[in-house]
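Topology and contacts: notes
Below, each chain spelled out in residue letters.
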Amino acid sequence: MNTHDRIPGNHDGISFARSECSDGMCCFTCVIPRGNKHVGFFKSLRKGGTAYPYVKLFVTSEGYKDELYDSCKFLNFIISQDATRPHLKMDLRCSIYKSRPSQCMGYPDQAGESVYQKISGPCIFNEYTAPRTYNKLVYKREWKAFYAILDHIDAIRSICVHDDPSAARKLILEARDVRLATITVGSKDQEHILIPILKQTENILYVSEKHQPIATIREAYSRWEEKIQNNLKNHYGDEWESRLKSAIEMEEKDACKRGDEDTAGNPE
Ligand code: SF4
Ligand code: SF4
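Residues numbered from 1 in each chain as written. Chains lettered and ligands numbered in written order. Predicted model: local features only at pLDDT ≥ 70, side-chain atom pairs only at ≥ 80, totals over all residues.

1. What to know about the overall build of the protein chain
- The secondary structure content of the protein chain amounts to 10 helices and nine strands.
- Counting the 268 residues in the protein chain, one finds 29% classified as buried.
- Pairs at least 24 residues apart make up 68% of the contacts formed inside the protein chain by residues separated by at least 6 positions. (Helix = DSSP H or I, 4+ residues; strand = E, 2+ residues; numbered from the N terminus. Buried ≥ 20, exposed ≤ 12 C-beta atoms within 10 Å, placed from the backbone. Contact = placed C-beta atoms within 7 Å.)

This is the structure we're talking about:
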């Protein structure tokens, strides 16, 4: 990926709409098999959402290859202006929500690598917003996520509730931390607008005992033992248990240290 200089502007970043699960991250990565086969033949004939094929999820982490994920065909991605102009917000919604496939209804409680292997885990946005210590242990890296919008008038027209796509593009580019970038898609270099995904957790729809925020490694492990253990075994082989133990010890020591500092009245 090559990023270009950003357009100067003093505006706010683009946040998520104040609505439940407005980040829609799982509709790029977790529940959709290749070719959107989860929706079945008849639903696949229905009109799709506004995101596909224009919006992708772009993930970077230092020392690792960039990752790019297509959205589900039925995802609506909408950018609109907040009441407090010129602030922009994005809202990602399933356009067939009431009749969405069973994988989507069961997620994240019944997520799994295949239909035969239903291992529940934290949802992907929970993992994105989890403490650094969790990501460093379970993913072996910290990752940053962006929505990458094809820089083309048809794409802007599809996703923006704005009469004039050129004016909408200008507003998007002026938002804080938004950048233009050349991304290789297949064998083609394409210009994209990169919008950083804020770690804005207040809108997550916590629907079950399993779908809860990740506060500490110990808590996450006790809730999603099987899933986390699989990751650890993959990363560390026979050493997984000792890695887990020392990460938990370190995390708890840091929490105690922070507690002591707070009691003494010093800033963190
Ligand atoms: S918060 Fe989790 S379940 Fe909700 S849309 Fe995001 S990834 Fe999906
Ligand atoms: S069908 Fe709906 S809920 Fe399921 S992945 Fe697609 S957009 Fe998301």
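Having seen it, we continue.
2. Re the site of ligand 1
- Residues in contact with ligand 1, as listed here, are Cys 21, Asp 23, Gly 24, Met 25, Cys 26, Pro 108, Cys 123, Ile 124, Phe 125, Ile 204 and Leu 205.
- Classifying every residue of the shell around ligand 1 gives nine nonpolar, one polar and one charged. (Near = placed C-beta within 6 Å. Nonpolar A, V, L, I, M, F, W, Y, C, P; charged D, E, K, R; others polar.)

3. Quick look at the sheet that holds strand E1 (residues 2-3)
- Taking strand neighbours across the sheet as the criterion, the six strands line up as E1-E8-E9-E7-E3-E4 in an open arrangement whose pairing is antiparallel. The open sheet has two edge strands with one neighbour each: E1 and strand E4 (67-70).
- Examined bridge by bridge, strand E8 (residues 179-185) and strand E9 (residues 188-196) share seven bridges and lie antiparallel to one another. When the bridges of E9 are listed, Ile 183 appears paired with Gln 190. (Pairing = 2+ DSSP bridges.)

4. Things to note about the environment of Gly 106
- Counting through the fold element by element, Gly 106 comes out in helix H3 (residues 102-106).
- Placed 12 residues apart in sequence, Gly 106 and Lys 118 show a C-alpha to C-alpha distance of 9.8 Å.

5. A look at the sheet that holds strand E5 (residues 75-81)
- Read across the open sheet, the three strands follow the order E2-E6-E5; overall the sheet is mixed. One side of each edge strand has no neighbouring strand; the edge strands of this open sheet are strand E2 (15-16) and E5.
- As paired elements, E5 and strand E6 (residues 88-94) share seven bridges and run antiparallel to each other. Along E6, the bridge assignment pairs Phe 77 with Leu 92.

6. Some thoughts on the nonpolar core
- Phe 146, Tyr 147, Ile 149, Ile 159, Ile 172 and Ile 195 are the most contacted members of the largest nonpolar core, which has 45 residues in total.
- Considering each element in turn, this core owes the most residues, six residues, to strand E7 (residues 144-150).
- If we skip the residues at most four places from it in the chain, Ile 159 touches Thr 50, Ala 51, Tyr 54, Val 55, Phe 77, Ile 78, Ile 79 and Ile 149.
- In terms of nonpolar packing, the next biggest core, distinct from the first, is built from 10 residues, Ala 130, Ile 217, Ala 220 and Leu 232 among them. (Core = buried A, V, L, I, M, F, W, Y, C linked by C-beta atoms within 7 Å.)

7. Notes on helix H7 (residues 165-174)
- Taken residue by residue, H7 has Ala 168, Arg 169, Leu 171 and Ile 172 as its buried positions. Along the long axis of H7, the arc covered by the buried residues comes to 165°, so they all point the same way. Opposite the packed face of H7, turned more than 90 degrees from it, sit the exposed residues Ser 166 and Ala 167.
- Packed against the buried residues of H7 are E5, E6, helix H6 (153-159) and E9. (Arc of directions from axis to C-beta.)

8. As for the pairing of E8
- Relative to E8, E1 is paired through two bridges, and the arrangement is antiparallel. In the sheet register, Asn 2 faces E8, and the bridge partner there is Thr 182.
- Taken together, E8 and the strand that follows it, E9, pair antiparallel across an intervening segment of two residues, in which Gly 186 is found at a positive phi of about 65°.

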